[in-house]
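One-letter residues, chain by chain:
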Amino acid sequence: MSTPTHMVEMRDVCMQFEEKKVLDGLSLKVAPQERLVILGQSGSGKSTILRLILGTLRPASGSIFFRRHEITRLQRGRLQRVRQHIGMVYQYSALLSSRTVSENVALPLEELTDKSRSEIDKIVDEKLELVGMEDSKDLLPEELSGGMRKRVALARALVLQPELILLDEPSAGLDPVIASVIDELIITLTEKSKVTSITATHEMDSAFRIATRMAMLYQGKIIEEAKPEEFKQSKNPVVAQFLSGSTEGPILEGTLDAITKK
Amino acid sequence: MANARAQPPVLVAQGIGHLTRNFLREVGGVFWFIVNTFQETFERIQKGRVPFRATSFFRHTERAGVDSVPLVGLVSFFLGLTMALLTGYQLQRFGTERLIPGLVAIAFTRELGPLLTGIMLAARIGAAFTAELGTMQVNEEVEAIEAMGIGPLRFLVAPRMLALFFLMPCLSTVSNIAAIFASSLVCKAYFSMAFPYFLDLVKDSLLIRDIITGILKSFMFGLLIAAIACYRGLTVKGGAAGVGTSTTSSVVTAITTVIGFDTLYNIVYTTFYPT
Ligand SMILES: Nc1ncnc2c1ncn2[C@@H]1O[C@H](COP(=O)(O)OP(=O)(O)OP(=O)(O)O)[C@@H](O)[C@H]1O
Ligand SMILES: [Mg+2]
């Protein structure tokens with residue numbers, strides 16, 4: 001087995017839910033300190049890729065590495081330890097609804113480190129400030145808007161100082177100013193703290209702002225992978241159509257006819 | 001599933017096979033769930049860390065235990081009353097009212113106390129556990145906990161299991177005392193037995209063995225109810241409706257299991273210690 005120099009590597013990964021094939025021989029490499037943005041239509045399997053990297057889903061076949069660890073083969077205890085180096089921001093935030101904002105952010109510190117109460121409080125305040133949520137410390141998640149929850153989820157993901165963060169639609173549902181703030185935060189993190197990030201999104205502005213590399217997911221495979229400037233110029237018809245948002249092209253070919261006929 | 005041309009007996013056999021398979025799968029599921037929870041908790045303890053916070057444990061004991069005392073006490077009180085009255089009039093015909101205290105005491109400590117408490121806790125707390133964990137599962141909260149590298153079984157399930165495990169015997173005792181107290185009132189009012197005499201009769205008829213049996217059973221019931229409720233909660237599928245279905249099924253399964261386990265226990269017990 002070759003030792004990967006990559007932060008994350010996925011080899012020939014296939015994934016299906018019952019009959020439905022979602023990923024079909026997907027391969028992907030992410031280098032350290034890279035900011036990869038995965039683009040793809042709604043339902044194309046972006047969130048599934050992130051879950052596979054975390055190991056909360058198991059692929060039907062193929063292997064997935066995080067640094068030297070083969071996620072797909074790790075025992076529970078090892079997997080739990082590896083996950084502490086990965087931060088995940090879920091698409092719908094997934095905050096614990098019975099805990100306040102600061103309790104949510106403090107949870108990984110309380111459970112997984114030996115830090116004292118005052119150290120924990122300090123880190124929590126710091127991370128909440130980073131995402132501009134220090135005023136909402138004592139609110140419950142149900143008292144927050146979707147965008148605010150997203151930011152708390154980001155603070156929670158950063159609290160253990162992960163090497164890799166996985167962001168599922170980080171700027172969906174945020175206003176343009178806050179969205180830029182979050183994008184900038186992601187960039188600072190990789191530049192200052194050497195964090196690697198993988199972002200799944202279909203927000204083009206945000207994608208081009210963050211990305212050092214972009215990958216297009218289509219029909220279960222990565223069909224195009226390039227630096228943002230090259231990605232923009234891509235000759236691939238699917239990518240071109242996706243970037244322009246036009247209805248003409250290979251995406252939706254069959255479906256569109258059906259819609260227009262009605 | 002079934003072959004269109006299959007004869008009725010074949011269909012029946014297939015149906016039974018299907019049910020049996022599902023039943024065994026469920027039993028296996030709950031069994032491994034308990035084993036995994038223990039494993040995860042012990043792994044954590046081996047690392048020299050507390051598996052869960054004391055506050056989390058006490059929150060559950062308070063909700064499941066202290067808050068259940070009125071219900072368990074009241075139901076057992078009324079049942080003890082009824083039992084003493086009904087048996088009392090029958091026994092009076094033979095002039096053997098003095099058997100009432102022993103009858104109620106033995107019936108409750110050995111059997112009815114744990115059983116009644118089990119049924120009430122399954123409905124009251126089991127349902128709450130399933131709904132709570134089910135909602136967390138549906139909202140991806142459980143997955144998020146897992147994704148942080150925190151074991152959801154030791155974090156969410158272990159404190160609940162431990163709380164019910166220790167609470168069941170306490171609540172069974174509450175139930176026993178309430179029922180015996182109720183029967184003492186009946187004995188005094190209808191069969192003119194003084195309290196000291198009543199107590200003597202209870203003491204004479206109760207064996208330590210009966211009490212231990214009841215307590216042992218209670219521990220097991222607590223564990224089973226919590227395990228079934230949490231298992232059902234964490235395996236919820238299908239959104240809000242799924243939480244509803246699982247909660248109902250959790251209560252039904254827990255009650256059935258408690259009664260089934262009780263029967264099994266009694267069969268084994270009377271086989272080895274017939275008296
Ligand atoms: N738990 C599941 N059970 C069954 N099917 C699932 C499950 N999770 C995802 N899918 C299916 O897998 C496909 C990919 O889902 P995924 O959530 O990864 O898409 P996505 O690219 O993140 O979409 P979006 O941009 O809308 O978030 C979808 O078609 C979905 O129906
Ligand atoms: Mg998604």
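Keep in mind that what you see is a predicted model, and the values were worked out from it rather than measured.

## Here we look at the site of ligand 1
All names here are of chain A.
Thought 1: The immediate surroundings of ligand 1 are formed by 14 residues, with Ser42, Gly43, Lys46, Ser47 and Thr48 found nearest.
Thought 2: A distance of 2.8 Å is found between an oxygen atom of ligand 1 and a side-chain nitrogen or oxygen belonging to lysine 20.
Thought 3: Within the backbone of serine 44, a nitrogen or oxygen atom sits 3.3 Å from an oxygen atom of ligand 1.
Thought 4: When the free accessible area of ligand 1 is taken as 630 Å², the share hidden by the protein chains comes to 65%.

## Section: unusual backbone geometry
Thought 1: Located in the positive-phi region is alanine 94 of chain A, a residue other than glycine, with phi close to 50 degrees.
Thought 2: With respect to the element layout, alanine 94 of chain A can be found in the loop between β6 (86-89) and α3 (101-112).

## A closer look at the coordination of the magnesium ion (ligand 2)
Thought 1: Distances from the magnesium ion (ligand 2) to its protein donors, Ser47 of chain A (OG) and Gln91 of chain A (OE1), fall at 1.9 to 2.2 Å. Of the two residues, serine 47 of chain A is situated in helix α1 (residues 46-54) and glutamine 91 of chain A in the loop between β6 and α3; the sequence distance between them amounts to 44 residues.

## Some words on helix α4 (residues 100-138) of chain B
Thought 1: Remark: the principal bend of α4 of chain B, roughly 60 degrees, maps to phenylalanine 108 of chain B.
Thought 2: Immediately downstream of α4 of chain B, the backbone of glutamate 140 of chain B shows phi near 65 degrees, a positive value.

## Digging into the sheet that holds strand β2 (residues 20-30) of chain A
Within a beta sheet, neighbouring strands are joined by backbone hydrogen bonds and run either parallel or antiparallel to one another.
Residues and elements named next belong to chain A.
Thought 1: The four strands are arranged β2-β1-β4-β5 in an open sheet whose pairing can be described as antiparallel. On the outer flanks of this sheet lie β2 and β5 (69-70), each paired with one strand and no other.
Thought 2: As paired elements, strand β1 (residues 8-17) and β2 share eight bridges and run antiparallel to each other. Of the residues in β2, the one forming a bridge with valine 8 is valine 30.

## Remarks on the packing of helix α8 (residues 208-234) of chain B against helix α9 (residues 239-272) of chain B
All names here are of chain B.
Thought 1: Contact pair α8 / α9: the axes reach a minimum separation of 9 Å and the direction vectors enclose 150 degrees. Viewed along their axes, α8 and α9 adopt a mutual orientation that is roughly antiparallel. Note on packing geometry: the crossing formed by α8 with α9 is right-handed. Across the interface between the two elements, Arg209, Thr213, Leu216, Lys217, Met220, Phe221, Leu224, Ile225, Ile228, Ala229 and Arg232 from α8 touch Ser246, Ser249, Ser250, Thr253, Ala254, Thr257, Val258, Phe261, Asp262, Tyr265, Asn266 and Tyr269 from α9.
Thought 2: Classifying every residue of the contact of α8 with α9 gives twelve nonpolar, seven polar and four charged.

## Side note on the pattern of salt bridges
Between side chains of opposite charge, a pair can form when the charged atoms approach closely.
Thought 1: A complete count under the given rule lists 25 salt bridges over all chains for this structure.
Thought 2: The salt bridge partner of glutamate 140 of chain B is arginine 51 of chain A, with a shortest N-O separation of 2.3 Å. Here arginine 51 of chain A lies in helix α1 and glutamate 140 of chain B lies in the loop between α4 and α5 (141-147), a pairing that spans two chains. Per residue, the accessibility class of glutamate 140 of chain B equals that of arginine 51 of chain A, and both read buried.
Thought 3: Two residues, aspartate 210 of chain B and arginine 110 of chain B, come together in a salt bridge whose shortest N-O distance is 3.5 Å. Taken as a pair, aspartate 210 of chain B in helix α8 and arginine 110 of chain B in helix α4 lie far apart in primary sequence, 100 residues in all.

## Comments concerning the interface of chain B and chain A
Thought 1: Taken together, the 22 residues of chain B in the interface contact 24 residues of chain A.
Thought 2: Taking both sides of the interface into account, the surface hidden between chain B and chain A amounts to around 2,100 Å²; carbon and sulfur atoms contribute 46%.
Thought 3: The interface formed by chain B and chain A holds eight salt bridges in total.
Thought 4: Linking chain B with chain A are 13 residue pairs in polar contact (both at pLDDT 80 or more).
Thought 5: Only α1 (8-46), α5 and α6 (152-191) of chain B provide two or more residues apiece to the side of chain B that touches chain A.
Thought 6: For the side of chain B that touches chain A, the element with the most residues is α5 of chain B, which contributes six residues.

## Here we look at the environment of valine 13 of chain A
Residue and element names in this part refer to chain A.
Thought 1: Mapped onto the secondary structure, valine 13 falls in strand β1.
Thought 2: The class for valine 13 is buried, based on a relative accessible area of 0%.
Thought 3: Separated by 29 residues in sequence, valine 13 and serine 42 have C-alpha atoms that sit 20 Å apart.
Thought 4: Contact partners of valine 13, with chain neighbours within four places excluded, come to Leu23, Asp24, Gly25, Leu26, Leu52, Pro59, Ser61, Gly62, Ser63 and Ile64.

## Points about the packing of aromatic side chains
Thought 1: Inspection of every chain in the model, using the stated rule, returns 17 aromatic pairs over all chains.
Thought 2: Relative to phenylalanine 78 of chain B, the ring of phenylalanine 77 of chain B has its centre 5.8 Å away and its plane inclined at 75 degrees; by these criteria the two rings are edge-to-face.
Thought 3: Members of the aromatic cluster, connected to one another through ring pairs, are Phe221, Phe261, Tyr265, Tyr269 and Tyr273 of chain B.
Thought 4: Sitting over the ring of phenylalanine 208 of chain A, lysine 232 of chain A keeps its end group 4.7 Å from the ring centre.
Thought 5: If you follow arginine 160 of chain B out to its NZ or CZ, it ends over the ring of phenylalanine 129 of chain B, 5.5 Å from the centre.

Criteria and cut-off values
- Residues numbered from 1 in each chain as written.
- Chains lettered and ligands numbered in written order.
- Predicted model: local features only at pLDDT ≥ 70, side-chain atom pairs only at ≥ 80, totals over all residues.
- Heavy atoms only, no water.
- Near = heavy atom within 4 Å.
- Polar contact = N/O pair within 3.5 Å; in protein donor to acceptor, adjacent residues only side chain to side chain.
- Areas by Shrake-Rupley, 256 points an atom, 1.4 Å probe, with all protein chains shown as cover.
- Helix = DSSP H or I, 4+ residues; strand = E, 2+ residues; numbered from the N terminus.
- Donors = N, O, S within 2.8 Å, 3.2 Å for Na, K, Ca; no water.
- Bend = angle between axes of the 7 residues up to and from the residue.
- Pairing = 2+ DSSP bridges.
- Axes fitted to C-alpha atoms, helices over the stretch in contact; angles between N-to-C directions.
- Parallel < 35°, antiparallel > 145°, perpendicular 65-115°, else oblique.
- Left-handed = near helix turned anticlockwise from the far one by under 90°.
- Contact = heavy atoms within 4.5 Å.
- Nonpolar A, V, L, I, M, F, W, Y, C, P; charged D, E, K, R; others polar.
- Salt bridge = Lys/Arg side-chain N within 4 Å of Asp/Glu carboxyl O.
- Buried < 20%, exposed > 50% of the residue type's maximum accessible area, 1.4 Å probe, protein only.
- Buried area = accessible area lost by both parts, 1.4 Å probe.
- Phe/Tyr/Trp six-rings, centres within 6.5 Å; stacked < 30°, edge-to-face > 60°.
- Lys NZ or Arg CZ within 6 Å of the ring centre and 35° of its normal.

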